[in-house]
Amino acid sequence: MSAGQPIPHLYSLDVMREYHSAPQPQEFKPHIFIVAEEAYRNVQGQVEPINQSLVVSGESGAGKTWTSRCLMKYYATVATSSQKCQDTVEKIERRVLGSNPVMEAFGNACTLRNSNSSRFGKYIQLQLNGSVLLSLLLFECMLVVYNRFDLKMMKGATEKQRLEWMLPLEQDFAWLPHAEKTLEEDCLQETVEAMINLGIDERKQTQIFRILAGLLQLGNVDFRPASEEAQTCDLDEHSKGTADLLQVPLDELQSCLIVRTLRAGKQNVLKPCSQSECSVRRDCLAKVIYAQLFDWLVTFINNSMCADSSMWCNFIGLLDVYGFECFLLNNLEQLCINYANEKLQQHFVAHYLKAQQEEYVTEGLQWSFIQYQDNQGCLDLIEGSPSSIFSLLNEECRLNRASDAKQFCVRLQKELSDNTSISWDKFSKQPHFTVAHYAGKVSYQIEGMMEKNKDPVSPELISLLQNSQDSLLHSLFADGDRESEGSRGHSKVVTVVSKFRNSLESLMKILHSTTPHYTRCIKPNPDCRPLTFKREEVGKTDAFLSALLGFP
């Protein structure tokens, strides 16, 4: 499967029915539907392990999201074809397929390498009765500034909606750096129809759109340094638009952005924030709102489609995660993404080669066992005990002191230099480390990494959102149980990498309990152009498979 130009007849309903009804689909031409049908028949035939998992892998922009759409369309078609009530069939199919545009609109982004890049991982369980349970591995709210749905709003809104959302045509937004792009997935109406099919009514949609518009306005809030150190920074007029859209008091919003509350004994002390600190608090406010809104959407979709556990006993799981990434500048986001790919790579190697070699033995073939490449050293470097990149990052964050990238780089060299999977460029002036991943070396910037790992949310920001007059936004923070910065001097810090690792471990536990099926997506060129194959790009995958199988 490759990215680029869609080929509709290759994935039509007729083709689906052809593969589904074939006595031996494996005798047909290679197709993603062969993999889908094999998993489906394993469940129907109660082949142990009965539960199945389809893992779609490949680098960013290779076509994983499109492949996952095709798989969901296939199962939505064949899994409901045996049901007698046509209304029920159509309702299930609409909801199954409706989850895709909604989740992509809110969870995908426009990056340098991919205009529809997944910024979260999703594991979808298609239950035996045809309904769907959708559970999320991670949504990377760190990348909220490049969200796709805001692009849809900008391009698809009516004049009336623009007035309501305060999005004039002539206005530029700092968090939409590529707003002029015309993308295939830019249809706002398609997403709105999908939200309706999932049961998100017009009132809730209006609230969601206003919150998103408020975040766009928040991204445009600039801070001017005060003339004296003891004074607060000055705010521009965009804060008023943000307050109106989020329905929070303007004076409280402005105060939260430019003043922080410190605990001194039993008293609170107000301290003006520097210009850079104000920007961090602004970004932090946007991230926490978007993360909570995204979680609310996931829960809503789950409740909308999940069948009662007594009604089903088996499932087919579909895993669609972000692909391996390597940019000119890489930070904590790329480290987490590539760590997840390392774990999936290890799972693939162990299951695929083990299964192939067992098949050769069964068939009585004369051959030598292959000693395949093991990436355990890289995983030990990232997540191992007692010392690893993650453990040292977490320790640094729990010390509750100002971050020092150079000092942390020195500590990494001292603690981890024995691991051959890590190295440093002696001539680089920027604190960094380079990890030798299975797909190649990636250099990570240390500057800003500790701050992102802390993901701090101050109590006053949470209090501000709890006071919102918007019922949806208020409900997102009504519990107030989120770990926040400074709520207690000795409170446990739950870091980004800790939450990420726990989510990934839960996912891997599910994968290990199922029969896996793998689909490798190949990226034929770096520009996502149709009908263009660049040998050096395709060769990356060939080289990867050769190394995987132990060939020169």
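Residues numbered from 1 in each chain as written. Predicted model: local features only at pLDDT ≥ 70, side-chain atom pairs only at ≥ 80, totals over all residues. Heavy atoms only, no water.

> I'm lost on the UniProt feature "binding site: ATP" (unreviewed entry) in the chain in this one. Help?
Mapped onto this structure's residue numbering, the UniProt feature "binding site: ATP" (unreviewed entry) falls at Gly58, Glu59, Ser60, Gly61, Ala62, Gly63, Lys64 and Thr65. Among the structural elements, glutamate 59 can be located in the loop between β1 (52-57) and α3 (64-78). According to the relative accessible area criterion, glutamate 59 is buried, its value standing at 16%. Position of serine 60 relative to the elements: it lies in the loop between β1 and α3. Among the residues examined, serine 60 registers a relative accessible area of 2% and is labelled buried. (UniProt positions renumbered as here; feature names shortened; annotations may be inferred. Helix = DSSP H or I, 4+ residues; strand = E, 2+ residues; numbered from the N terminus. Buried < 20%, exposed > 50% of the residue type's maximum accessible area, 1.4 Å probe, protein only.)

> Teacher, can you tell me more about helix α17 (residues 459-466) here?
Each turn of an α-helix holds 3.6 residues, which means side chains three or four residues apart point in the same direction. Considered for burial, the residues of α17 that qualify are Glu460, Leu461, Ile462, Leu464 and Leu465. Tucked inside the fold, the buried residues of α17 contact α10 (250-258), β8 (259-264), α11 (275-305) and α18 (471-476). (Contact = heavy atoms within 4.5 Å.)

> Explain the packing of aromatic side chains to me, please; I cannot follow it from the model alone.
Remark: the centre distance and the inter-plane angle together describe each pair of aromatic rings, the angle taken between the planes. Per the stated rule, a full pass over the model turns up 14 aromatic pairs. Pairing phenylalanine 324 with tyrosine 438 gives two aromatic rings, centres 5.9 Å apart and planes at 65°, and the pair type is edge-to-face. With a gap of 114 residues between them, phenylalanine 324 in the loop between β10 (315-320) and α12 (332-362) and tyrosine 438 in the loop between β12 (432-437) and β13 (440-445) connect regions that are remote in the sequence. Take phenylalanine 324 and tyrosine 438: they sit in the same class, and that class is buried. Ring-pair connections join several aromatic residues into one group, and the members of that group are Tyr11, Tyr19, Phe28, Phe33, Tyr40, Trp66, Tyr74 and Tyr75. (Phe/Tyr/Trp six-rings, centres within 6.5 Å; stacked < 30°, edge-to-face > 60°.)

> Explanation requested: the environment of leucine 393 in the structure shown.
For leucine 393, the location among the structural elements is in helix α14 (residues 389-398). Sequence separation between leucine 393 and methionine 449 is 56 residues; the distance between their C-alpha atoms is 8.3 Å.

> I'm lost on the pairing of β1 in this one. Help?
Strand residues, when the strand is regular, have side chains that alternate between the two faces of the sheet. With 5 of 6 residues buried, β1 is to be regarded as a mostly interior element. Examined bridge by bridge, β1 and β10 share 5 bridges and lie parallel to one another. Opposite valine 56, over in β10, you have aspartate 320 as the bridge partner. Note: β1 against strand β14 (residues 515-520), 6 bridges, orientation parallel. (Pairing = 2+ DSSP bridges.)

> What am I meant to see in unusual backbone geometry here?
Trans is the prevailing form of peptide bonds, just as negative phi is the prevailing case for residues other than glycine. Residue proline 386 follows serine 385 across a cis peptide bond; omega there is 5°. Its location among the elements puts proline 386 in the loop between α13 (376-383) and α14. Positive phi, normally seen in glycine, also occurs at methionine 166, with a value near 60°. Relative to the elements of secondary structure, methionine 166 occurs in the loop between α6 (159-165) and α7 (188-197). One non-glycine residue, glutamine 247, adopts positive backbone phi at about 55°. Topologically, glutamine 247 is positioned in the loop between α9 (238-246) and α10.

> Please explain the pattern of salt bridges as it appears in this structure.
Opposite charge on two side chains permits pairing when their charged atoms draw close. Per the counting criterion, the structure on display carries 12 salt bridges. Here arginine 17 and aspartate 14 are joined by a salt bridge, their closest N and O atoms 3.4 Å apart. Remark: aspartate 14 and arginine 17 occur in helix α1 (residues 13-21); sequence separation between them is 3 residues, near one turn of the helix. Here lysine 343 ties to glutamate 505 by a salt bridge, and the two come within 3.3 Å at their closest N and O atoms. Taken as a pair, lysine 343 in helix α12 and glutamate 505 in helix α19 (residues 496-512) lie far apart in primary sequence, 162 residues in all. Salt bridges here are not isolated pairs; linked through shared partners, they connect Lys343, Glu383, Arg501 and Glu505. (Salt bridge = Lys/Arg side-chain N within 4 Å of Asp/Glu carboxyl O.)

> Please clarify how the nonpolar core should be interpreted in this entry.
Note that soluble globular proteins tend to have their nonpolar side chains buried in a common cluster. One finds Phe106, Ile208, Leu285 and Ile289 to be the most contacted residues of the largest nonpolar core, which totals 64 residues. Ranked by residues supplied to this core, first place goes to α11 with 14 residues. By size, the runner-up hydrophobic cluster in this structure holds 45 residues, among which are Cys378, Met449, Val497 and Leu504. (Core = buried A, V, L, I, M, F, W, Y, C linked by side-chain atoms within 4.5 Å.)

> How should I be thinking about the sheet that holds β13 in this particular structure?
Note on sheets: strands pair through backbone hydrogen bonds, and any given pair is parallel or antiparallel. The 3 strands are arranged β11-β12-β13 in an open sheet whose pairing can be described as antiparallel. Two strands in the sheet have a free side with no partner beyond their single neighbour: β11 (422-423) and β13. Pairing between β12 and β13: 6 bridges, direction antiparallel. In the strand pairing of β13, valine 435 is matched with valine 442.

> Quick question: what am I supposed to make of the packing of α1 against α3 here?
Axes are the key here: two packed helices are described by the angle between their axes and the distance separating the axes. Following both chains from N to C, one finds α1 and α3 inclined at 70°, their axes separated by 10 Å at the closest point. Here α1 lies roughly perpendicular to α3, going by the angle between them. Relative to α3, α1 is oriented so that their crossing is right-handed. Packed against α1, whose contacting residues are Leu13, Met16, Tyr19 and His20, the element α3 presents Lys73, Tyr74, Thr77 and Val78 at the interface. Looking at the contact of α1 with α3 residue by residue, the class counts come to 5 nonpolar, 2 polar and 1 charged. (Axes fitted to C-alpha atoms, helices over the stretch in contact; angles between N-to-C directions. Parallel < 35°, antiparallel > 145°, perpendicular 65-115°, else oblique. Left-handed = near helix turned anticlockwise from the far one by under 90°. Nonpolar A, V, L, I, M, F, W, Y, C, P; charged D, E, K, R; others polar.)

> Just to check I follow, could you spell out the packing of α10 against α11 for this structure?
Direction vectors running N to C along α10 and α11 enclose 125°, while the axes themselves pass 7 Å from each other. For the element pair α10 / α11, the angle class is oblique. Between α10 and α11, the contacting residues are Leu253, Cys256, Leu257 and Ile258 on the first element and Cys278, Arg281, Arg282 and Leu285 on the second.

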